Amino acid sequence: MKKTIGMFAHVDAGKTTLAEQLLYTTHTIQERGRVDHQSAYLDRHDIEKERGITVFADQATMHFNGSTYYLIDTPGHVDFSPEMERAIQVMDAAVVVISAVEGVEGHTETVWQLLRKHGVPTFLFINKIDRVGADVPRVLAEIRSELAEDVCWVTEEDVLQEGLMQSSLIEFIAERDEKLLELYMEEGYEVSRWLDAMIAMMRKGELFPCFSGSALQNVGVTHFMHQLDLLTVTDYDPEAAFAGRAYKIRHDEQGARLTYIKATGGTLQVRDEITYVSGTETITEKVTHIRLINGGRATPVDRVHAGDLFAVTGISAAAAGVGLGALSGRTVYELVPTLKSKVEFESSIHPKDMLRCFRLLDAEDPSLSVQWDEPAQAIHIHVMGIIQLEVLERIVFERFGYRIAFGEPEILYKETITEAVVGSGHFEPLKHYAEVHLRLEPGERNSGIVFANACHPDMLPVNYQHLVAQHVGERDHHGLLTGSPVTDMKITLLKGRAHNKHTHGGDFREATYRALRQGLEKTTSLLLEPYYHFKVKVDAEFIGRLMSDLTQAKASFDPPETVGDKVTVTGSAPVSTMMKYGVELAAYTKGRGTISLVYGGYDRCHNEAEVIECKGYDKNADLEYSSSSIFCAKGSGYAVPWDEADRHMHV
């Protein structure tokens, strides 16, 4: 049986140390590495060793009780959470590591929400029980309160592989299944029935086994591995047609593109062809090499099977999340950067050379959303935080030999509309022709752009309708207030027209962009900014200062909750006002206050007028967009302003 297990945690909870112990327990490595000794098997990059944090989701292979395990150690720092999220989609089970001292922290909650979204069966491991201040009962209560009530406590006496289960665990499970409870009352406990029930509940997200121990001291790790092995069951079909999902892109030392894949069905061998969708194009390419990745080692193989994790060359355009072969669709990622920064480099470096480097990095981490500003000859990227920028500086130097810096990160704003409207766009310079009519409607907050089609084929042929859909979704579209991307809209194609002779490639792109832009001109726009969901915990003596700061930060929050001498406040606040608050909190609480910040989506900007003035965006000077339409008369094209264009339209 083949199983992919992911390791997750807030930074410093001991996740990588637990991964090392599992590798050692399964005799995969002969000596246990340590993060503080810069010798961890899975933290093999110099950046990870020096900083003592996991930056890249690296993997190892181990064998236990006849099963092959692919172990993925994911980043624990919030700045690298997109890397973590991309790995989630290929996991059969997850292990969330929580410190017995610090308990549930900010990134723990982010991880938990993502695992629930993707339906990944999850184990919990309360680590560092040997440390001063460890309090397992308190942390277990916190887990049940803040993550899930259905967390069952599994002790060292619960040896499931030997049929031993304590009455407390039996009753906890039975209480969650009426039929099981009836059987228990009538016939008592029977181990195989209980194990089947636990596995079924875990798969449905109704049960989460929790263990405790010390990864550093190797306490509870072997017991945990046995129970994980018993409760993680997969059923991949090697006889089916090949199906897989790309989950990571890397480039080897020779610059070859490596596409990391999880095979979910069938068999793949060298020189087989793989079909997938990139954008709107269906692509078929031949696999030239297959490699099994184990830490820093890559082993060439001729064939892989369902359940395997591997990397291939020969696939040139499949992005992370894309389904391959018989598996269609593409994963939509939830974690998005909220900051933008400009790449700064020496004038002796040609901008296009630097852009090529960042295009490679963008393929490996699509959350960077690398943007090229042609008029300014500048490169902008999207990031999660300052630590990510520092790591990127190091990566660019080590991989490409360029010394770079980044400008001060700016908040990524977005725009939406408040009223429904119909926008029209016409593009008819000489020997070109396209016309598009779009209805724009406000969408649910954080719903993004949703495209719908209400155009009859008799009005506009289907192939041109597909082009309109493609052009709506192919890029971000500038809003009118600050030039920020528009979002949270439903865009419906109502009607359009093509010309049998004069419609050419690109005409419907121009007409679509102009229709969208004209619609924005005719309605009212709204500026949006990113928000954090926050949780702040301080000593009772600091609650007055905290409440004052939160009010000043334009936060909305629930009434404070007091437990002992600690007060906790949860709520929501703009990223712009809270992103640096952790430093201030640590200063006035002398390091005793804690804060967790989790991305909470976009909402109305709290200082819209100030931001608009600061951005100074001139909608009429945006070279990429125009709200005017182009019509043709006497053999030449002429522009018609947006507010006059409707009466010139042809349909």
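Every value quoted in this text rests on a predicted model; they were computed, and no experiment measured them. Counting starts from 1 at the beginning of each chain's written sequence and moves along it residue by residue. pLDDT decides what is reported in this predicted model: residues at 70 or higher carry local features, side-chain atom pairs at 80 or more are listed and counted, and totals for whole chains, interfaces and linings draw on all residues regardless. As a rule here, side-chain values cover all heavy atoms of the structure and leave hydrogens and water aside.

Colleague: So what's going on with the overall build of the protein chain? Which residues, and what values?
Modeller: What the protein chain contains, in helices and strands, is 18 helices and 34 strands. Computation of the radius of gyration draws on C-alpha atoms, with the globule rule given as 2.2 Å multiplied by the number of residues to the power 0.38. Relative to the 2.2 N^0.38 estimate, which gives 26 Å for 651 residues, the radius of gyration of the protein chain is 27 Å and therefore close to what a compact globule would have. Type-normalised accessible area, obtained with a 1.4 Å probe on protein chains alone, sets the label of each residue: buried when under 20%, exposed when over 50%, and partly exposed for intermediate values. Out of the 651 residues in the protein chain, the part that is buried amounts to 51%. Any two residues whose heavy atoms approach within 4.5 Å are treated as being in contact. Within the protein chain, counting contacts between residues at least 6 apart in sequence, those at least 24 apart form 72% of the total. When the accessible surface of the protein chain is totalled, it reaches about 28900 Å², and 49% of it is carbon and sulfur. Charged residues are defined narrowly, with Lys and Arg counted positive, Asp and Glu counted negative, and His plus the chain ends left uncounted. We put the charge of a Lys on NZ, of an Arg on CZ, of an Asp on CG and of a Glu on CD. Distance between charge centroids for the protein chain: 5 Å, based on 65 positive and 94 negative side chains. In DSSP terms, a helix is any run of H or I states spanning at least four residues, a strand is any run of E spanning at least two, and both are numbered starting from the N terminus. Per-residue and other accessible areas were derived by the Shrake-Rupley procedure at a 1.4 Å probe size, with only the shown protein chains allowed to occlude residues.

Colleague: Kindly report on the packing of aromatic side chains, identifying the contributing residues and their values.
Modeller: Pairing of aromatic rings covers Phe, Tyr and Trp, the last through its six-membered ring, and needs centres within 6.5 Å; plane angles under 30 degrees mean stacked, over 60 mean edge-to-face, and all others mean tilted. The tally for this structure, following the rule as stated, stands at 13 aromatic pairs. On the basis of an interplanar angle of 35° and a centroid distance of 6.4 Å, the ring pair of Phe 631 and Tyr 638 is categorised as tilted. An aromatic cluster is defined as three or more aromatic residues linked by ring pairs; in this entry it consists of Phe 123, Phe 125, Phe 211 and Phe 224. For a lysine, the NZ atom is tested; for an arginine, the CZ atom; a charge sits over a ring if that atom is within 6 Å of the ring centre and within 35 degrees of the ring normal. Over the ring of Tyr 602 we find Lys 414, and its NZ or CZ is 4.7 Å from the ring centre. For Arg 545, the ring lying beneath its charged end belongs to Tyr 588, and the centroid distance is 4.1 Å.

Colleague: How would you summarise the packing of helix 12 (residues 462-473) against helix 13 (residues 507-522) if you had to cite specific residues and measurements?
Modeller: Packed helices, taken two at a time, are described by the angle between their axes plus the distance between the axes. For every element, the axis is a line fit to its C-alpha atoms; helices are fit only across the contacting stretch, and the angle between N-to-C directions ranges from 0 to 180 degrees. Closest axis-to-axis distance for the helix 12/helix 13 pair is 9 Å, and the angle between their directions is 55°. As the angle between them shows, helix 12 and helix 13 are arranged oblique. As helix 12 runs across helix 13, the sense of the crossing is right-handed. Judged by residue contacts, Tyr 464, Leu 467, Val 468, His 471 and Val 472 of helix 12 engage Phe 508, Arg 509, Thr 512 and Tyr 513 from helix 13. Any residue that is not Ala, Val, Leu, Ile, Met, Phe, Trp, Tyr, Cys, Pro, Asp, Glu, Lys or Arg is counted as polar, Gly included; the first ten are nonpolar and the last four charged. Residues belonging to the contact of helix 12 with helix 13 are distributed by class as follows: six nonpolar, two polar and one charged. Any angle that is under 35 degrees is reported as roughly parallel, and any over 145 degrees as roughly antiparallel; angles of 65 to 115 degrees are reported as roughly perpendicular and all others as oblique. Crossing chirality is assigned from the near helix's rotation relative to the far helix, an anticlockwise turn below a right angle marking it left-handed and a clockwise turn marking it right-handed.

Colleague: Tell me about the pattern of salt bridges, residues and numbers included.
Modeller: Here, a salt bridge means any Lys or Arg side-chain nitrogen found within 4 Å of an Asp or Glu carboxyl oxygen. Overall, the coordinates contain 35 salt bridges when judged by the stated rule. With a shortest N-O distance of 3.1 Å, Arg 514 and Glu 510 are connected by a salt bridge. Note that Arg 514 and Glu 510 are positioned in helix 13 at a spacing of four residues, about one turn of the helix. Of the charged contacts, one joins Lys 566 and Asp 539 as a salt bridge, the two residues approaching to 2.7 Å between their closest N and O atoms. Residue Lys 566 is found in strand 31 (residues 566-574), and its partner Asp 539 is found in strand 28 (residues 525-539); the two are separated by 27 residues along the sequence. If you follow the salt bridges from partner to partner, you end up with Glu 83, Arg 86, Arg 250 and Asp 365 in one network.

Colleague: Can you explain unusual backbone geometry? Please cite residues and give values.
Modeller: Unlike most non-glycine residues, Asn 65 shows phi in positive territory, near 50°. With phi around 60°, Asn 218 is a residue other than glycine that occupies positive phi space. Tracing the backbone through its elements, the reader meets Asn 218 in the loop between strand 7 (208-212) and helix 9 (221-231). For Asn 218, a relative accessible area of 29% translates into the label partly exposed.

Colleague: Can you explain the sheet that holds strand 2 (residues 58-64)? Please cite residues and give values.
Modeller: Ordered by their spatial adjacency, seven strands build an open sheet running 2-3-1-4-5-7-6, and the pairing between neighbours is mixed. Only two strands of the sheet have a single neighbouring strand rather than two, namely strand 2 and strand 6 (151-153). This sheet shows a mean twist of 25° between the axes of neighbouring strands, independent of strand direction. Note on pairing: DSSP must find at least two bridges between two strands before they are called paired. For strand 1 (residues 2-9) and strand 3 (residues 67-73), the ladder comprises six bridges, and the chain directions are parallel. Considered in strand 3, the bridge of Thr 4 is made with Tyr 70.

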